[in-house]
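In case you want the letters, here they are:
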Amino acid sequence: WKFLRVTPKQSFLIIFFPVFYSGLNFIDLMVRQGNIDNPPKTPLVPGFECSGIVEALGDSVKGFEIGDRVMAFVNYSAWAEVVCTPVEFVYKIPDDMSFSEAAAFPMNFVTAYMMLFEVANLREGMSVLVHSAGGGVGQAVAQLCSTIPNVTVFGTASSFKHEAIKDSVTHLFDRNADYVQEVKRISTDGVDIVLDCLCGENTGKGLSLLKPLGTYILYGSSNMVTGETKSFFSFAKSWWQVEKVNPIKLYEENKVIAGFSLLNLLFKQNRGGLIKGVMDKLLNLYNNKKIKPVVDSLWALEEVKEAMQRIHDRGNIGKLILDVEKAPTPLVRNSSKEDNEKLTSNQY
Ligand SMILES: NC(=O)c1ccc[n+]([C@@H]2O[C@H](COP(=O)([O-])OP(=O)(O)OC[C@H]3O[C@@H](n4cnc5c(N)ncnc54)[C@H](OP(=O)(O)O)[C@@H]3O)[C@@H](O)[C@H]2O)c1
C-alpha cells in the first residue's frame, strides 16, 4: 500500500501527489478475481482513480501547480498513499467539491457520459434501460438522464434500494423480475438505449427491447462475479448465454450494438484528450448543481476486504470510497435521510 516519496522524473509529463481518497469500483473485484482480459501480474496495487493535492510536477507540466486539489485516473496503483500519473489523466477539483466526492466522480460519471452522449446520442424524449441502477455508474446514468428533458429511465436493482433511488429512476424493477415484460408493458415498442453491465442472457434481452434505431451498449460483465472467488461455472454460463450477433439481422431491424471500455480508451487507445473534454463538461454540470456523486460509505485501506464484500453482497447504494487517513471502523450508509446527507456531504 505504501509508496516511497521520490522525485518524479523531470522528463515525463507527470503529476505526483499524496492521495486522500480512492474510488472502489466493481472492476476492482474483477481484477482481484482475474476476471479481466490480461490481468496484471501480482503483487499489484489495485485502484484506478483517486483525489489528493499536487506535491511535485514534471518540469514540462503546464496548467498545474504544487498544492492544486486534483482527481485523477491511474492505470492501477490508486489505492496508495502517493500516486504518480501522466498529466493527461489529472483534473482540477472544483472549489465546492470535497475530496471524497472527487474520488467518486471520474470513473462513474465519465463512463455514464460517454455511453449516453458519445456512443448513444441521448436526446430529448428518449428512453434508457440501465441495470444495477443503485450502483455507482447506475446513479450517474440516472442523474445525467435528468439533465435532458423528458427522458424515461427504466432501471433494475435489488428491491431494498428502491426506496432510496426511486426519485432518480422513472420505472424501477427488482433485479430478479422479468424486466423485458415489464418494460414492454409500459412501452410497447421498447427503449432507445440499453446499457448492459451484466452480460450473459441480458444481451439478447437488451437487443430484443430496442426500438428501431436504438442502441445496445455492453460495458460490463457483472454476472461473471458470484462471490469472493472466481467461479468458472458462472463465467462459462454467462458466455454461453451471450446472444450470437447477426449483422444482417441488425441491418434488417435497424439496431445498433456497441461496446464501451473507459480503461481501454484511456490507457490502451490513447484518448486522454477526449476524456479531458468530457470532464470539463461534467464539471460544468457539477458546478451548476445538475449532478453530484452518491457516496455509499467510506473505508480505511485496511478494511478493503470488508468494503469489497459489501459490493459482493449487493449492499451498496452509490460509490464506496477508500479513505487513506481513516482508522478502521466503517461508516455505513444508514436508512435515515439525515445520515445519507451526511455521507454525501463534505464532512468526511
Ligand atoms: N466499461 C467501462 O468503462 C466501465 C466503467 C465503470 C464500470 N463498469 C461496469 O459497470 C458496472 C457497475 O460498476 P460500478 O463500479 O458502478 O459498480 P456498482 O453498480 O456499484 O456495483 C455493485 C452493484 O452491482 C450489482 N450487481 C450485479 N451483478 C452483481 C454480482 N454478480 N455481484 C455483486 N453485485 C452485482 C448489485 O446491485 P443490484 O443487486 O442492485 O443489481 C451491486 O450492488 C460493472 O459491471 C462495472 O464493471 C464499466
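Residues numbered from 1 in each chain as written. Predicted model: local features only at pLDDT ≥ 70, side-chain atom pairs only at ≥ 80, totals over all residues. Heavy atoms only, no water.

Draft legend 1. The arrangement of the pattern of salt bridges in detail. With the rule as written, the count across this model stands at 9 salt bridges. Here Glu 49 ties to Lys 319 by a salt bridge, and the two come within 2.5 Å at their closest N and O atoms. With Glu 49 in strand 2 (residues 49–53) and Lys 319 in strand 14 (residues 319–323), this residue pair connects regions lying 270 residues apart in the sequence. For Glu 49, a relative accessible area of 0% gives the class buried. Classification of Lys 319 as buried rests on a relative accessible area of 3%. (Salt bridge = Lys/Arg side-chain N within 4 Å of Asp/Glu carboxyl O. Helix = DSSP H or I, 4+ residues; strand = E, 2+ residues; numbered from the N terminus. Buried < 20%, exposed > 50% of the residue type's maximum accessible area, 1.4 Å probe, protein only.)

Draft legend 2. Spotlight on the packing of aromatic side chains. The tally for this structure, following the rule as stated, stands at 8 aromatic pairs. With a centroid separation of 4.9 Å and an interplanar angle of 25°, the aromatic rings of Phe 105 and Phe 109 are classed as stacked. Residue Phe 105 is classed as buried on the basis of its relative accessible area, which comes to 0%. Counting every residue linked through ring pairs, the aromatic cluster contains Phe 105, Phe 109 and Tyr 286. In this structure, Lys 92 is placed above the aromatic ring of Phe 64, and the distance from its NZ or CZ to the ring centre is 5.4 Å. (Phe/Tyr/Trp six-rings, centres within 6.5 Å; stacked < 30°, edge-to-face > 60°. Lys NZ or Arg CZ within 6 Å of the ring centre and 35° of its normal.)

Draft legend 3. Here's a closer look at the site of the ligand. Taken together, 26 residues surround the ligand, and among them Ser 158, Lys 161, Ser 222, Val 225 and Leu 262 come closest. Here an oxygen atom of the ligand and a backbone polar atom of Leu 262 are 2.6 Å apart. Contacts to the ligand include Asn 316, whose side-chain N or O atom sits 2.7 Å from an oxygen atom. For the shell around the ligand, the elements supplying multiple residues, two or more each, are helix 3 (106–119), helix 4 (136–145) and helix 12 (304–312). Take the shell around the ligand: its biggest share by element is 3 residues, from helix 3. Here the residues of the shell around the ligand are counted per class, giving 11 nonpolar, 12 polar and 3 charged. (Near = heavy atom within 4 Å. Polar contact = N/O pair within 3.5 Å; in protein donor to acceptor, adjacent residues only side chain to side chain. Nonpolar A, V, L, I, M, F, W, Y, C, P; charged D, E, K, R; others polar.)

Nothing here speaks to function; it is geometry throughout.
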